[in-house]
Each structure stands twice: as structure tokens, then as C-alpha cells.
Amino acid sequence: MKMMNNGYNSSFNSNSVGLMSNTGATTASSSSSTSTTNANSQSQGLKTYFKTPEGRYKLHYEKTHPPGFLPFSHGKSVSQVTLAQLKDKPAQAGPAPSSSSSASASSGVRYAAAKFLGVGGGNGVRAIGFAGGNGTGKAVNGTSRSGSLVGSNGSHSILNPNYDGKGTYLIFNVGDTIFIGDLNSPDKDPIKSLHFSNSNPICHAFDPEAKDGHDLLIGLNSGDVYSVSLRQQLQDVGKKLVGAQHYNKEGSVNNSRCTSVAWIPKSDGAFVVAHADGNLYVYEKSKDASVDTSFPVIKDQTQFSVAHARSSKSNPIARWHICQGSINNVAFSTDGVYLATVGRDGYLRVFDYSKDQLICGGKSYYGALLCCTWSLNPWHFVDFLLQVSGVAFDSYWSSPTSDDIEENVVYRFGSVGQDTQLLLWDLSMDEIVVPLRRCPPGGSPTFSTGSQSAHWDSITPLGTLQPAPCMRDVPKLSPVVAHRVHTEPLSGLLFTQESILTACREGHVKIWMRPSSESQSSNSEALVGGSSSLAGSRVGSSILK
Amino acid sequence: MGATGSKLEKALGDQFPEGERYFGLENFGNTCYCNSVLQALYFCVPFREQLLDYYSNNKSIGDAEENLLTCLADLFTQISSQKKKTGVIAPKRFVQRLKKQNEIFRSYMHQDAHEFLNFLLNELVDILEKEAHAIKSDAESSSPPEKISNGPKTGQANGAQKEPLVTWVHKNFQGLLTNETRCLRCETVTARDETFLDLSLDIEQNSSITSCLKNFSSTETLNAEDKFFCDKCCSLQEAQKRMKIKKPPHILVIHLKRFKYIEQLGRYKKLLYRVVFPLELKLSNTMEDADSEYSLFAVVVHVGSGPNHGHYVSLVKSHNHWLFFDDENVEMIDESVVQTFFGSAQEYSSNTDHGYILFYESIGTGNKS
């Protein structure tokens, strides 16, 4: 991929043709050194497996950005991972491979080259890739040039027919680029890179329910948001987004950093965008992105408020002012009823989304909260503290004592932190929740609604935010597994049916096969979990039941 | 310089805090260690206010001898009374005085910012103690100045404490550690209290302040060559030792031990480790009932890969804005930039800007004075 990108650049810009050999050489040398240091550092005390009570998880595949690609802004860009599952394309006149002979030839060559380079895996790929820079590079130059030229005329004119079928893709951002890799391919290098020239991508989300049209959201540091069709990106050969809807153009609605994006489940294409200034906007992909709405001035920054757009034609359709300081992560319950947010102010908030109502919330012990996620059962909820960068529930894990599930529900969840470790936790509801209930009022992080516990409801009226619990009042949970999985601080964690995915800030992703699944078969089912960024090593958790 | 000043003013616009001054400090040849610490201290608001207070109260007594305290107070007054909101000031008198006072800082070599901070705070304490003694002996009967009136009494109430005087410098920075040693034979616990103006923490790769503090308070076994003399057993015994924070300070200064002597190399080495420091810190290893909560307001950053060369800059939080001070330059930065100073996750890294001294101020109920 990298080599082809170089070719693309150089053939486009005559100034850089001369540079091409230079860049080629330097990248090659720097990349070879990176690959060796990577290889060294990866091997330094890092095992390719870890043991759990249920068995051994093995390192299956690794995914990373092309060698030599170094994000400029050290520490500023944090890689996030999104998994996207594309189903078989609905019966439709697919892009015929004969759309234009030269173009199809080029894309064919490209794909063949990519395939070829992909074989071998690991360091071999790199070596071949850079040898190609001198030899076969010419041919690739030519083809990619024609490809990009046509691509710039009309994005639909060349399509790679190889992405019509189903597949599971890994989307991750590094610096100013979004990379897409094939989850089920041993190829370490991504199959696609999308370059953003104006600002760095920060967050992304995929809508597995999208029937057609746009399913991928990308939020930028500048506040801009794009929605695109993932398949269309894969089929295009260029490095730019194609067929994108652009929201909050140049920060016209809100110019602060976009911190989290999420599709609203069961909403038919509505999504929310959280910003670093404490505001969250609701958009609908079916509505015109170019018409911006203006919202009234927020009177009291400290108060939660919702403003709806006056015109029903415009986007965004609503603004939620949630908190002072950044919203760091948002998550919808799987039924789309509840929205959880965490932020710089250290509060976890849970909203009844359709009613625009704050239901409950609580302050964390350690300060700013970075990420949150829902389990499949919406009222079992775990929030995570400052030093954890990613957290996810393992909905595929089943408790060994699942026969008495009624009395004792055990949840498996994982967390990754800046100490480079993956931690797996088993949370038993009877062990954790019951002791919490005994805590004196105010000191407890528990909260319940509905019929679960009338006792607590009487103490805490709807919409009350709890203060931070005292350390001694919170039951301590110890991880069942603590394993150092990367050399860099971690930023993302996902569970699939066959594997656990871990990602580090610098954009390396590791796929760990579960003990049970021997086959390397494809197709992971839907996933649970979101992740976000920042500090360390210690974990605290509190449960909302 | 004027241009950068106006740039900062433009950046802040009408949010420029009233009465606040953001001034860069001129470098007199490797005095960045001094400038970075002075900025951190200037934006330690309770310290600054008490220093300015002290200065205005004592000015009238007559121009007494020049010392580091008067030079510092003079510099801070000079900054705070500037007509312009931004600009550059030359801390000439202060640096001259510093060099006169201590030969370590006299050379043009790269100096250690923590060593300077430590020297400065101890020097200020000494000066204040001397003054208090002088006043006491001057007028035995008349009550001592209001500021220090609590000091001697509480000191004596504690009994055997040798340090009866609590100056305003102590009130800001001083905390109390207790060193508990439990003899493994007779189980007797011996507790020894010691005061501190800052905590020096050992660091590890990919760790956090919270985990470093946990290690600091972890139990250590004294055995073999390093046994403990138990007064009750009257002999050397195996023992367990741990350090706890008995009284957390109002301003918690944490020094990360980034400069480590490596015996095999026979020299100091800079540890580039990535140590996450949170914007809000909870101290849970204290002996007090409630956990103490702190908010980060300044970071002295060491720039460079080795201990003997490099540069110091500081990050300062003032009125909810983060500012970056690099000698005469002052810039506004986003809070998210602070995390780029945590350190390097791998040994060979192009990033050499590392948080070195952290300044936390106590928030909430623990707020005294």
C-alpha cells in the first residue's frame, strides 16, 4: 500500500518525482529500522499468548499502519478502533469489472499487487514492498495514476469489485489518516488509507444496522464530521473520502474538537456527535448537511439543557449542553433508549434519550472519566475511571456457572490502560451489587431505577448526580487476568465472537484468538464496546444497576 | 517579544483574567531551570499572595538586608504591578542574589530545577525563621505577628517536635510523613514523623503518579544486611517498614526521579519513562479520614535526552487556561496538550519533553488558610 501511495504522489506532482526515489529510499531505510525496532520491542518480554481461567488466548494477527508512516503530532493523536461488518451487497447491478478497460485493469493490477504483497505476512511484506519500490514500482505508478485521475473525475467510475461481498473490517485512525484493514486477513498492512488534509480524525463509528447508504461516521479534531459508505470507500482507489456528507463544515456549528460519535440504535440513521466544549449534537443522515442550524446561547454553562432546531429540514436537529469541559465518550444502550456520557468533569450521566431527560449520574473517584460502555442488559452498566483508556463487555463469554444464572450473573469485561496492560474482570452481581447497597446514602455509586430497588429511588430523585464515592466504601475488584499486550500505551479494546482486539495509541492492533475457536473462520458477529483515551494503570469501577 | 505578548492577549481576548499578568522571564545563560520554577511558584496563588502580603507589610520596617526572600518578593511585585498585561521581565536581581548565595548555581552549567526549588524553599524558611526569632527576642512580651501565631503553640502541643515555627511557606508546602517500622519479632510499631516540602518519587516505565505513590507507600522488609534495631528487643531484628502521608500539604509538590545514577555507567542517566500525571489527583495513602483531592496547576518540564544538558519550560494553569512558559515566551495551550509531556513509552523516542516537577493544589474541604 505504502509503495503505491508514493507512486501516486509522485506521478501527480512533478516536483516530487525527483523526490520519489529519495523518499522511497529514506522511507525504506527508516521503515526497515522501524520494523527491526518494532520487532525487537515487540519481542521484549511480550508474549504471544496469555492465560485465562478458560484457556489460552493466542496472538492471531497483527494490524498496523504502513511502515515508515509516523504520526507527526506525538501523543496528540490516539488511535481508536472500530469494527465494521459488511453484509453481502443487496442484489443490484454491481459495478461491472468492465466499466472502463484501462481502469479495471489498473484496479485489477492494484489488487493483485496488494494481494501479492500481502502474502508472506510479517516482515516479509515489508521487504517485498520496498523492493517493489524500485522494480515493479513503475508499473504501479502508471496504473495508480490513471486510477486516481479517473477517480477524481467521478468517484463511481472505477470500482474495485472485490468488496461487494461480506467482510469484517477494522477501522483505525493514526495521525491524519484513517486505515482500514481486513480482520480476517493475515496481512499486517491495511487495505485502504484515507487521508485528511485539513485536520486529524479522532473518532469513528460504524452502523451495523444501516440498510443502505452511509454507515461510517468520522469525527475530526476541527469539529467537522463526515458520514460515508464504507463499501464505497473500499471500492474506490483514491486516498480521499468519496461520496461523503459533510456536517459542521469548518466548525460552523461548533468549532471545538469532536470527541466521540455514535449512531443511535433503532433510529434509522440518526447519530450524535460529542464535542470538547461539553455540547452534543443530534444529526440525521437523511437531512441536508449543508443547512446549519443556530441554537440559542447557553445561559448557564453548568446546567444541562436541550435545544431543538426550529426547522425540521436542517441539521443538526438538536443540541444537548451536557457539562462544562469536554465530553470524552458517549454510548447508547443497545436498544437505543439510554444514552450515557462521560466527561472531563468526572461525571457519568445517563439520559433517557427520547425524553431529553437526565436520569442519573455519578462522579468518579479519580477525576475525569474517559470511556463508558453498556452491557447487553441495559441496566448493568460499568463506568471506568481516568486511567483506563478503553473498556468493553465481553458478550460472548459465558459464565461457567451459567446454570444458576438467575441468582448470580457474572459479567466478563475488559479494560486497557496506559500501562500497556489488558485486564479482564469478572464481575459477579451478587458479590458486588449487594455490598454496595449497604453503603450509607451519598457515599454509594449504585443507582437503580424501576422496580429494582424502591429503597434507593426514594433517596435519590430522578436526575440526581451522586458525588464521588469514598475509596473505602467501594468494593474492590481484582482482575482475573492482567497481561502486557503492547509496548505502547493502549487506547482501544473490542470483543468479537472469536477474538479480543487490542489497540495502542500509535496505531498497532493485535487480534487475540479465544481459546475455544480453533478455526480461523471469518465473520465475527456484532461487537460491544467503545473506547477512548488517556492515562494509566489503576482501575476502579462502579456499577449502576 | 511584544508580538508574542499581543498574540497571547488576542488569544485570550475578553477572557483575559482581570488583574493577572503573564510575563516571560529573560534567560541569563542557562537560567531556564530558575525561570521555569519561578513561573510555577508565581502561579501558585496562595504562595504568591502571601509573599506579596509579607513584602508589603515588611517594606515599612525599613530596607533591611537584601536576601533571596526580598529578591523573590521584589520580582513578584514587579510582575504583578506591570501596566501591560503581557511582556518580558529580567529577573536580574534574583538571579544575581542566587548566584551569590550558592556556588552551585554560579556556573553557566545546566542546573537541576528540583535542586533549585528545594534550595529556594529551604532558604525562604530559614529567612522567615530567623526573622521570627529576631522579633521574638526583640519583644518577648508583645505577641508575635498574627501570621505565625499558631505556629509555636501547635508545635509545643505536639510535644517533642523540634520545629515549633510554622511559617507561611510551611503552611503552603509542608506535609507530614510517618515512617512506620514494625519489628517482626515483638510486633512493636515504631513511628517516626518527618516533614517534607516535596515528595520525590521513584518512577517506572508506563506508570502513573497514583501507582508511583502506591509504591512509595508500599511495605518494605528490612532484613539481612539491612536489619532494624528494635528498642524493645534491644537487638537487630527483621522488620517491615512503610511510609505514609500523615498530613497532606496544601500544595503538593511531586518530584519525579528522572535523573538516576547508573552504577554500571558511572554516571547519571535521564529516565525517559512515560509517567501519567492526572489533572486531578486523589491521595488515598494518607492517614486522614477523607481522601485528599488535588488539582494540577503547574508542571516544570525538562526538555532533553540527558541529565547534563537540555532546557526547562513550564506549563501553568491560570484561571482555567493552560499557559506554556519558555523563558521569555508565553503561549496559550489546550488542556489536551498537557498529556504530551507524560514521557516516552519506548526508550528511543524523538519526544524528550518530560514532566519533571508537578505542582498540585488541594481542592475542596481540605482547603486551609
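Residues numbered from 1 in each chain as written. Chains lettered and ligands numbered in written order. Predicted model: local features only at pLDDT ≥ 70, side-chain atom pairs only at ≥ 80, totals over all residues. Heavy atoms only, no water.

Per an unreviewed UniProt entry, chain B is named ubiquitinyl hydrolase 1, and its organism is Cucumis sativus. The UniProt entry for chain B carries the following comment under Catalytic activity (unreviewed entry): "Thiol-dependent hydrolysis of ester, thioester, amide, peptide and isopeptide bonds formed by the C-terminal Gly of ubiquitin (a 76-residue protein attached to proteins as an intracellular targeting signal)." Of the comments in the UniProt record for chain B, the one headed Function (unreviewed entry) reads "Recognizes and hydrolyzes the peptide bond at the C-terminal Gly of ubiquitin. Involved in the processing of poly-ubiquitin precursors as well as that of ubiquitinated proteins. Required for the correct development of pollen." (UniProt positions renumbered as here; feature names shortened; annotations may be inferred.)

If you check an unreviewed UniProt entry, chain A appears there as Catabolite repression protein creC from Cucumis sativus.

A. Layout of the pattern of salt bridges. Residues and elements named next belong to chain B. If you walk through the whole model with that rule in mind, you get 18 salt bridges over all chains. Between R93 and E66 there is a salt bridge, with its nearest N and O atoms 3.1 Å apart. Of the two residues, R93 is situated in helix α5 (residues 92-101) and E66 in the loop between α3 (45-59) and α4 (68-80); the sequence distance between them amounts to 27 residues. A residue is classified by how much of its surface remains accessible, and E66, at 31% relative accessible area, is partly exposed. One salt bridge in this structure joins E194 and R192, with 3.5 Å as the shortest N-O distance. Note on E194: relative accessible area 28%, which makes it partly exposed. One salt-bridge network, held together by shared partners, links E66, D74, R93 and R97. (Salt bridge = Lys/Arg side-chain N within 4 Å of Asp/Glu carboxyl O. Helix = DSSP H or I, 4+ residues; strand = E, 2+ residues; numbered from the N terminus. Buried < 20%, exposed > 50% of the residue type's maximum accessible area, 1.4 Å probe, protein only.)

B. Fine view of the environment of Y348(B). All names here are of chain B. Looking at the secondary structure, you find Y348 in the loop between β19 (329-333) and β20 (353-362). Assessed through its relative accessible area of 75%, Y348 is described here as exposed. Sequence separation between Y348 and F196 is 152 residues, and the spatial gap between their C-alpha atoms is 35 Å.

C. Just the environment of G165(A), in detail. Residue and element names in this part refer to chain A. For G165, the location among the structural elements is in the loop between α5 (137-153) and β4 (167-174). A sequence separation of 77 residues divides G165 from D88, and the C-alpha atoms of the two residues are 4.5 Å apart. The residues touching G165, leaving out its near neighbours within four places in the chain, are L86, K87, D88 and R231. (Contact = heavy atoms within 4.5 Å.)

D. Examining the packing of aromatic side chains more closely. All names here are of chain B. Counted according to the given criterion, the structure contains 35 aromatic pairs over all chains. The interplanar angle of 85° and the centroid separation of 4.9 Å between the aromatic rings of Y42 and F76 together place this pair among those described as edge-to-face. You can see Y42 sitting in helix α2 (residues 32-42) and its partner F76 sitting in helix α4, a full 34 residues away along the chain. Both residues of the pair, Y42 and F76, count as buried. (Phe/Tyr/Trp six-rings, centres within 6.5 Å; stacked < 30°, edge-to-face > 60°.)

E. Focus on the sheet that holds β4(A). Residues and elements named next belong to chain A. With antiparallel pairing, the four strands of this open sheet are ordered in space as β3-β4-β5-β6. With one partner strand each, in any of the chains shown, β3 (81-86) and β6 (192-195) form the two edges of the open sheet. When the angles between neighbouring strand axes are averaged without regard to direction, this sheet yields 20°. Here strand β5 (residues 177-182) runs beside β6; their pairing, made up of four bridges, is antiparallel. Bridged to I180 within β6 is K192. (Pairing = 2+ DSSP bridges. Axes fitted to C-alpha atoms, helices over the stretch in contact; angles between N-to-C directions.)

F. Quick peek at the side chain of T341(A). Residues and elements named next belong to chain A. Along the polypeptide, T341 turns up in strand β17 (residues 338-343). A relative accessible area of 2% means that T341 is categorised as buried. Setting aside anything within four residues of it in sequence, one finds T341 in contact with I322, I327, N329, V330, Y347, L348, R349 and F351.

G. Representation of helix α9 (residues 209-216) of chain B in the model. Most of α9(B) is tucked away, with six of its eight residues classed as buried. Residues of α9(B) that are buried: I209(B), T210(B), S211(B), C212(B), L213(B) and F216(B).

H. Region of the structure containing the sheet that holds strand β28 (residues 499-504) of chain A. Residues and elements named next belong to chain A. Pairing in this open sheet of five strands is antiparallel, and the strands run β1-β2-β29-β28-β27 from one edge to the other. The open sheet has two free edges, formed respectively by β1 (49-52) and β27 (490-495), since each of these has just one partner strand. Strand-to-strand, the axes of this sheet are offset by a mean angle of 25°, without reference to chain direction. The pairing of β1 with strand β2 (residues 55-64) spans four bridges and is antiparallel. Each residue of the ladder has a partner; that of F50, found in β2, is Y57.

I. Region of interest: the nonpolar core. All names here are of chain B. Ranked by size, the top nonpolar core spans 61 residues in total, and within it F47, F94, F116, F173 and F359 carry the most contacts. In terms of residues, this core owes the most to one element, helix α6 (residues 113-138), which gives 10 residues. The residues contacting F116, other than those within four sequence positions of it, are Y33, C34, V37, L38, F94, L98 and F105. In terms of nonpolar packing, the next biggest core, distinct from the first, is built from 37 residues, L199, L201, I209 and C212 among them. (Core = buried A, V, L, I, M, F, W, Y, C linked by side-chain atoms within 4.5 Å.)

J. Quick peek at the confidence of the model for chain B. Residues and elements named next belong to chain B. Here chain B averages 85 in pLDDT, while 87% of its residues score no lower than 70. Within chain B, no element has a lower average pLDDT than helix α7 (residues 150-157), which sits at 41, and none a higher one than strand β11 (residues 251-256), at 97. Under a pLDDT of 50 for its full length, residues 143-163 has, in the predicted model, 20 contacts with residues more than four places off or in other chains. Quick note on the complex model: pTM equals 0.77, ipTM equals 0.79. (pLDDT = per-residue confidence, 0-100.)

K. Structural context of the packing of α4(B) against α5(B). Residues and elements named next belong to chain B. The interhelical angle for the contact between α4 and α5, taken along N-to-C directions, is 160°, at an axis separation of 8 Å. Put simply, α4 runs roughly antiparallel to α5. α5 is crossed by α4, and the crossing has left-handed handedness. Residues L68, C71, L72 and D74 of α4 form the contact with α5, whose participating residues are R93, F94, R97 and L98. Of the residues contributing to the contact of α4 with α5, the split by class is five nonpolar, no polar and three charged. (Parallel < 35°, antiparallel > 145°, perpendicular 65-115°, else oblique. Left-handed = near helix turned anticlockwise from the far one by under 90°. Nonpolar A, V, L, I, M, F, W, Y, C, P; charged D, E, K, R; others polar.)

L. Just the pairing of strand β3 (residues 175-183) of chain B, in detail. Residue and element names in this part refer to chain B. Across the nine residues that make up β3, a large majority, eight, are buried. Of the strand pairs in this sheet, β3 and strand β4 (residues 189-196) are connected by eight bridges, and their pairing is antiparallel. Directly across from T178, in β4, lies its bridge partner D193. Strand direction decides the pairing type here: β3 and strand β10 (residues 239-247), joined by eight bridges, are antiparallel. Bridged to N179 within β10 is M243.

M. Summary view of the confidence of the model for chain A. Summarising the model, chain A shows a mean pLDDT of 68, and 58% of its residues fall at 70 or more. When the criterion is pLDDT under 50, residues 1-43 of chain A qualifies, and its contacts beyond four places in sequence or with other chains add up to 65 contacts.

N. Representation of the side chain of Q237(B) in the model. Residue and element names in this part refer to chain B. As for its position among the elements, Q237 is in strand β9 (residues 235-237). Residue classification places Q237 among the buried residues on the basis of a relative accessible area of 16%. A distance of 2.9 Å separates the side chain of Q237 from the side chain of S235, its partner in a polar contact. Sequence-distant contacts of Q237, that is, excluding residues within four places in its chain, are made with C183, R185, L222, K227, F228 and C230. (Polar contact = N/O pair within 3.5 Å; in protein donor to acceptor, adjacent residues only side chain to side chain.)

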